[in-house]
Structures are given as C-alpha cells and as structure tokens.
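The lines below spell out each chain.
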Amino acid sequence: MDRIERNKLFEEKSDLIVQAIRRHWGLIRFFRLERDDVYKELAIKLLHTLEQYDADRCPTLDAYLTIHLR
C-alpha cells in the first residue's frame, strides 16, 4: 500500500479512533490520561495497522482495524 492510499484510508477510518476513545472513556478518565494524547497514540497505531493490513488474512478492514485499536 502506498502512502497516498494509506492516508486516504486513514481519513476515511479516523472515526474508529473516536469510537475506541468513547468505548474506553471510563479507563481513560480513571488513569487520568489526556484525550488528545490518547487520540495521537491511536492515530499512530491506525497508520501502522493500515500499512500492515493484508486483505487475504482478514477481508473486512473495519474489523481488522477495530481489533488493533483496542
């Protein structure tokens, strides 16, 4: 996957980051983490996960990304 395609997919799938933050908001608050810091870390993880994605191993991109953003 080239950089342009990866960045396009990142923009399309960035809502998964917000969903992960909402899902784990209690833990984020409990550990007194900053929302922006968590968002940045998940954004980096999303970029790395998009680079490693193999459609042959997991045909559903959203499921693959959601699992890796936990």
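Residues numbered from 1 in each chain as written. Predicted model: local features only at pLDDT ≥ 70, side-chain atom pairs only at ≥ 80, totals over all residues. Heavy atoms only, no water.

Draft legend 1. Looking closely at the overall build of the chain. Looking only at helices and strands, one finds five helices and zero strands in the chain. Mapped from its N terminus to its C terminus, the chain presents α and β elements in the order α-α-α-α-α. Its C-alpha atoms give the chain principal-axis dimensions of about 40 × 20 × 15 Å. Per-residue burial for the chain yields a buried fraction of 31% across its 70 residues. (Helix = DSSP H or I, 4+ residues; strand = E, 2+ residues; numbered from the N terminus. Buried < 20%, exposed > 50% of the residue type's maximum accessible area, 1.4 Å probe, protein only.)

Draft legend 2. Representation of the side chain of threonine 49. Tracing the backbone shows threonine 49 in helix 4 (residues 35-52). Residue classification places threonine 49 among the buried residues on the basis of a relative accessible area of 1%. Setting aside its immediate chain neighbours within four residues, threonine 49 contacts Tyr64, Leu65 and His68. (Contact = heavy atoms within 4.5 Å.)

Draft legend 3. The pattern of salt bridges, seen in detail. Evaluation of the coordinates by the stated rule reveals three salt bridges. For arginine 6, the salt bridge is made with glutamate 51, and the minimal N-O distance between the two is 2.4 Å. With arginine 6 in helix 1 (residues 3-13) and glutamate 51 in helix 4, the pair connects residues that are 45 residues apart, well separated along the chain. Between glutamate 12 and lysine 8 there is a salt bridge, and its shortest N-O distance comes to 3.6 Å. Placement of the pair is glutamate 12 and lysine 8 together in helix 1, with a separation of four residues, close to one helical turn. Accessibility expressed as a relative area gives 43% for glutamate 12, which makes it partly exposed. (Salt bridge = Lys/Arg side-chain N within 4 Å of Asp/Glu carboxyl O.)

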